[in-house]
Structure formats: structure tokens, C-alpha cells
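Close look at the chain arrangement
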Amino acid sequence: MNALFSDDVCQKSDVGFRDQARQSPAAGRVNKVRQSPVAGRVNKVRQSPVAGRVNKVRQDPDAGCMNKVRQSPDARCVDSMRRRTDAGDMDAAAHKNASENVQRKRPGSRRIGQHARDRPQRKTNYSIYRFSGSELLKYLGIYILLDGCISYLFFQSVIAFTVLLPGMFLFFREEKKSLLKKRKKEITKQFLDGIQLMLSALQAGYSPENALGEALKELRKIYPPDAPIVAEFHRINAQIQMSHSLEELLLDFGRRTNVPDIISFAEVFLTAKRTGGDLIAIIRNTISCIRQKQETVQEIETCLAGKMMEQNIMSAIPLLILAYIRFSSPGFLDVMYETTVGMAVMAVCFGVYLLAYFWGQSIVRIEV
């Protein structure tokens, strides 16, 4: 009896607790959630055929085997190694991006790559010569030494040294003309080699644009990278890749060098390409004419080399005579430096000396 009574009491207490739980506010909210449209859609998804097929796949023995394999110690090791590798790749990519950003923000930094090497260079005006720092110091020292010798030998005066200092601008101008002439001669020689290589590529079947690229490859084997013809052919080749016409680029190169042979070749090439003539024959004849002209210039320079040496020696003889008299017989020429008439005579002699020097230079300077 006691056991039956206790069972009844337990059942009544359970029923009471259930009624109280159902009437609680939390149970009301749970019922509202179950009756909401979202819960209805979730039940529909669970009862759909797709969900049934998913449950069948999950209950498949193969799926169980796969789960066992995934939970095995070897699979866990593989997963951990994959996570470490992915983390290492992410760190390497982040480090690379950070270094690239720092390199971009750093002033004056440049990438050393194919793109940077192939970048077209700026145009250079070869008709104007500018001294470098070392050349400026070199010719400045030469003029100061020459000015000191002339002032001591002709006038023996510091005032004469100061008066002759502005003559350095004339001296610099003459040296620039001489160096500019040498550079033009070197550019002409290099350009002749370049168009000769270009002609060989044209005869092999290349187009003019591709022939210039092949000539550039051969020129890099012959001349150093800082040679004018290598820099200009590299720039022209880069401009061709940007859809510029070859004939216009050659004509621009000729105008910047101010070399008549290059300008003539560019004009002939422009006419031949636009009129559809025999480009190979025209280039061959132009090369022959330029080469004959260069050979004539070399023959004239060979004939005048001895005369130019004689002219330089004759120009130095007056200075050597004065130096010999000053050091062998001190005081012999004091009258020429201490009296007004003597200084006037020495000034006239110095003027005649300059006139004879420039006259001799004009005689041996022959333009072809």
C-alpha cells in the first residue's frame, strides 16, 4: 500500500511540475517560436526529399568509414600540417606585400628587373656638349696653368693674370667644339656599323623594325652599354613597341645629332619606305656613299696629321724661347717688363702670337 501510494504521489507531482512548466513564460515563448513561419520552413526543409537523401548518405557505411578515417591520428597529423603550411604561405605573402610597399614608399628606390632595364631613356641632344665635373676641373686647371705661364713670360704681372682670366670662356668654347666634333665622328662611325647590321638582317628576311632589334643585339656585343648608338637603338626599339614609326624616329635621331650623314640616311629611308621602293638596294647605296665619305675624311686627316703636329710645335716655340731667356739670362728682359714701351711691345707680341695661333688652326681645319 505504501508503495502504491508513493507511486501515485510521484505521478501527481510530475504532472504538476509539467503543468507548471507548460504555463511558464519560457514555455510560451518556445511555443511561439515553434509556431512561427521560420520554424515551418525549417520543418519543410527537414521533410524535403533532398534532406532524406542527405540522411541516407550520412547513414551509409562508406560515410562511416570516411568519418573513422578523418578521426584517425594520421588524418589529424595531416590536417595540422596543412594548417601550418597555409599559415606559413600567408605569412610569406604578407611579408612580400609589406616589403613591396616599403620599397614603393622609399624615396629613390628602383626595381632592378627586365621592365626597369627596358625602360626607354630620355632624348639626348648630341649637338650640344656639356662638360662633366671631371672635365670641367681638368680644363680649368689647364687654363689656369696656361694663363700663369703667359702672364709670367709676357708680362710678369699678377694684373695680367687677372685680366686674362675671362679668356677661359673662349678656351672652354673651343674645347667644347673639339670634343663635339670627336663625338659626332664617333657617332657617325657607330651608326654606320648599326645600319650595316640592319642591312644584313633585312637581307635575311626581317622587317625593318625587327631588323633594328637584331642590329641592337649585335651592337651590344661590339660596343659598351653606354655607347651612344646602343642607347639610341635601344630607345628607338622601345618606341617602336609603343607604335611609333621607325622612319620618324630615325629622322628625330638625325636632327638631334646634327650629323649630315645620319639626316640624309633618315630622309632616304623615309622616302623609300613610304613610296614602296627597293629598301635593301637604297640602304646599300646610302651606306656605300657614307663609307666613301668617311674614307675620304680619314685620308685628309692622315695627310694633315703631320702639318697639325708642326703647327702645334710652332705655337709652343715662342713660349719656349721666352722661358729659355728668362731662366738662362735673368734680368735680360727686365726692360720689357718695367718700362711702358717694353710692356706695350710685349702686348703687341702677345697679340701677334694669338693671331698666328688661330690662323694656323683655321688652315689645318678642313671640313668635308
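About the cut-offs
What you see as residue numbers is a count from 1 along each chain, following the sequence as written. Only residues with pLDDT of at least 70 are given local features in this predicted model, and only at 80 or more are side-chain atom pairs given and counted; all residues enter the totals for whole chains, interfaces and linings. Side-chain descriptors were evaluated using all non-hydrogen atoms of the structure, hydrogens and water having been removed beforehand. Strands here mean DSSP runs of E at least two residues long; helices mean DSSP runs of H or I at least four residues long; both are numbered from the N terminus. Burial classification: accessible surface area is computed with a 1.4 Å probe over protein chains only, and a residue below 20% of its type maximum counts as buried, one above 50% as exposed, and the rest as partly exposed. Whether two residues are in contact is decided by their heavy atoms: any pair within 4.5 Å suffices. Shrake-Rupley sampling with a 1.4 Å probe provides the accessible areas, and residues are treated as covered by the protein chains on show and by no other component. The predictor attaches a confidence to each residue, and that confidence, scored 0 to 100, is pLDDT. Think of it this way: a Phe, Tyr or Trp ring, Trp meaning its six-membered ring, pairs with another when their centres are within 6.5 Å, and the plane angle makes it stacked under 30 degrees, edge-to-face over 60, tilted otherwise. Only when the NZ atom of a Lys or the CZ atom of an Arg is both within 6 Å of the ring centre and within 35 degrees of the ring normal do we say a charge sits over the ring. Helix span is expected to be 1.5 Å times the residue number reduced by one. Each axis is a line fitted through C-alpha atoms, taken for helices only over the stretch in contact, and angles between the N-to-C directions span 0 to 180 degrees. An angle below 35 degrees is read as roughly parallel, one above 145 as roughly antiparallel, one from 65 to 115 as roughly perpendicular, and any other as oblique. Handedness of a crossing follows from how the near helix is turned relative to the far one, being left-handed for an anticlockwise turn of less than a right angle and right-handed for a clockwise one. Definition used in this section: a nonpolar core is a set of buried Ala, Val, Leu, Ile, Met, Phe, Trp, Tyr and Cys residues joined via side-chain atoms within 4.5 Å. Note that patches include only residues with greater than 30% relative accessible area and no salt bridge, and the join distances are 9 Å for like charges and 5 Å for nonpolar side chains (Val, Leu, Ile, Met, Phe, Trp, Tyr). Throughout this description, the term salt bridge denotes a Lys or Arg side-chain nitrogen within 4 Å of a carboxyl oxygen of Asp or Glu.

1. Observations regarding the overall build of the protein chain
Across its full length, the protein chain carries 17 helices and 0 strands. By residue count, 26% of the 368 residues in the protein chain fall in the buried class. Long-range pairs, those at least 24 residues apart, make up 61% of the contacts in the protein chain with a sequence separation of at least 6. Accessible surface, the protein chain as shown: approximately 26,100 Å² in total, 60% of it carbon and sulfur.

2. Digging into the confidence of the model for the protein chain
Summing up the model confidence of the protein chain, the mean pLDDT is 76 and the portion of residues at 70 or higher is 66%. Confidence drops under a pLDDT of 50 for residues 101-118, and excluding neighbours within four residues, the segment shows 11 contacts in the predicted structure.

3. Describing the side chain of Q190
Within the fold, Q190 resides in helix α10 (residues 168-203). Every residue in contact with Q190, bar those within four places of it in the chain, is listed here: Y223, A227, P228 and I229.

4. Observations regarding the packing of aromatic side chains
Under the counting rule described, the total for this entry stands at 15 aromatic pairs. Where F191 meets F265, the ring centres are 5.4 Å apart and the plane angle is 75°; that geometry is what we call edge-to-face. Here F191, found in helix α10, pairs with F265, found in helix α14 (residues 260-275); they are 74 residues apart in sequence, far enough to count as distant. Across the pair, exposure class does not vary: F191 and F265 are buried alike. Through a chain of ring-to-ring contacts, the aromatic side chains of Y129, F131, Y139, Y143, F171 and F172 assemble into a single cluster. A cation sits over an aromatic face here: R326 above Y152, 4.5 Å from the ring centre.

5. Considering helix α12 (residues 228-241)
In an α-helix, one turn spans 3.6 residues; hence positions three or four apart end up facing the same way. The terminal C-alpha atoms of α12 lie 20 Å apart, and with 14 residues this matches the ideal 20 Å at 1.5 Å per residue to within 8%. Considered for burial, the residues of α12 that qualify are I229, V230, A231, E232, F233, H234, R235, I236, N237, A238, Q239 and I240. A positive phi of about 70° marks S243, the residue just after α12.

6. Topic: the packing of α10 against helix α11 (residues 208-222)
For the pair α10 and α11, the least separation of the axes is 8 Å and the interaxial angle reads 130°. In terms of orientation, α10 and α11 fall into the oblique class. The interaxial crossing formed by α10 with α11 has right-handed handedness. Facing α10, whose interface residues are G194, L197, M198, A201 and L202, α11 presents P208, A211, L212, E214, A215, E218, L219 and I222.

7. Considering unusual backbone geometry
The backbone of Q156 shows a phi angle near 50°, a positive value even though the residue is not glycine. When you line up the elements, Q156 lands in the loop between α8 (133-155) and α9 (158-163).

8. Topic: the nonpolar core
Residues F191, I229, F233, L246, F265, F269 and I283 are the most contacted members of the largest nonpolar core, which totals 37 residues. Looking at this core, the elements that each hand over two or more residues are α10, α11, α12, α13 (246-257), α14 and α15 (279-328). A total of 8 residues in this core trace back to one element, the largest contributor, which is α10. Once you skip the residues sitting within four places of it in the chain, F269 turns out to touch M198, P208, L246, E247, L250, L279 and I283.

9. Some thoughts on a nonpolar patch on the surface
There is a patch of nonpolar side chains on the surface, built from M309, I313, M314, I317 and I321 and spanning about 480 Å² of accessible area. Residue position: I313 is located in helix α15. In this structure I313 comes out as partly exposed when scored by relative accessible area, which is 46%.

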